[in-house]
Structure formats: C-alpha cells, structure tokens
Amino acid sequence: MNEERGHYLRQLGMLYRRLRIERKLRQRDVAVRLGVSVDTVRAMERGAGSVAIETWLALAELLGVARPWEKLLQVPVDPFEEYDRKRKEEAWLEKTRVRR
C-alpha cells in the first residue's frame, strides 16, 4: 500500500475510533454488531488496508456517518459511455482537422 493511501486509512481509522468512543461503544460491541472479530475492529482503527471495504461501509453505517460514503460512491457518468463519447469526439476532430 502506498504512503498516501495508508495515511488516509489511518485518518479514517482514528475518526471511526473517536466516533465509537463518543457513542460509548466498546470494540467488542462493534465487532458483534458487524459480525467480525475484535481484532478486525482494532485493525480498522489502526487504518489497516487488509479490511474489506464492505466492513468499512458497515462500520460507517453503524456509527451514523454513511452519508459521506453515499455521496462518494455515486457515479455521475457511466465510464464506458464517457470513453465512447471521447473516442467519437477524437474521431470527429481527426476528420475535421485542417491539413497543410
């Protein structure tokens, strides 16, 4: 895992830990609700990249911070449609280009 991603995961883990503590939840309580081990919850709070994204999303929902994830995960444009559009545009530009 590169340094930048590791930094973001550690920040996310610290945020989740702070939210868990504010809600007076123990790691064991969170683990039971998520259906994972306490070690997994500890790893997430340390920012481990080996935890499944599904577990990160479930924890966000449990802690009541799923809204930012929902916004992030909205795909405004189908990437395949965007690729096709760009290819058509490039082809059109190639045809209309003035040659000397």
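This report concerns the structure included in the present document. Because the structure is a prediction, the values reported are computed rather than measured.

**Some words on unusual backbone geometry**
One non-glycine residue, Lys24, lies in the positive phi region at around 55 degrees. Looking at the secondary structure, you find Lys24 in the loop between α1 (3–22) and α2 (27–34).

**Description of the packing of aromatic side chains**
This structure, assessed with the given rule, holds 1 aromatic pair. A ring pair is formed by Tyr16 and Trp56, whose centres lie 5.8 Å apart and whose planes are at 45 degrees; its orientation type is tilted. Of this pair, Tyr16 sits in helix α1 while Trp56 sits in helix α4 (residues 53–63), and the two are 40 residues apart along the sequence. Taking relative accessible area as the criterion, Trp56 reaches 3% and is therefore assigned buried.

Parameters and conventions
- Residues numbered from 1 in each chain as written.
- Predicted model: local features only at pLDDT ≥ 70, side-chain atom pairs only at ≥ 80, totals over all residues.
- Heavy atoms only, no water.
- Helix = DSSP H or I, 4+ residues; strand = E, 2+ residues; numbered from the N terminus.
- Phe/Tyr/Trp six-rings, centres within 6.5 Å; stacked < 30°, edge-to-face > 60°.
- Buried < 20%, exposed > 50% of the residue type's maximum accessible area, 1.4 Å probe, protein only.

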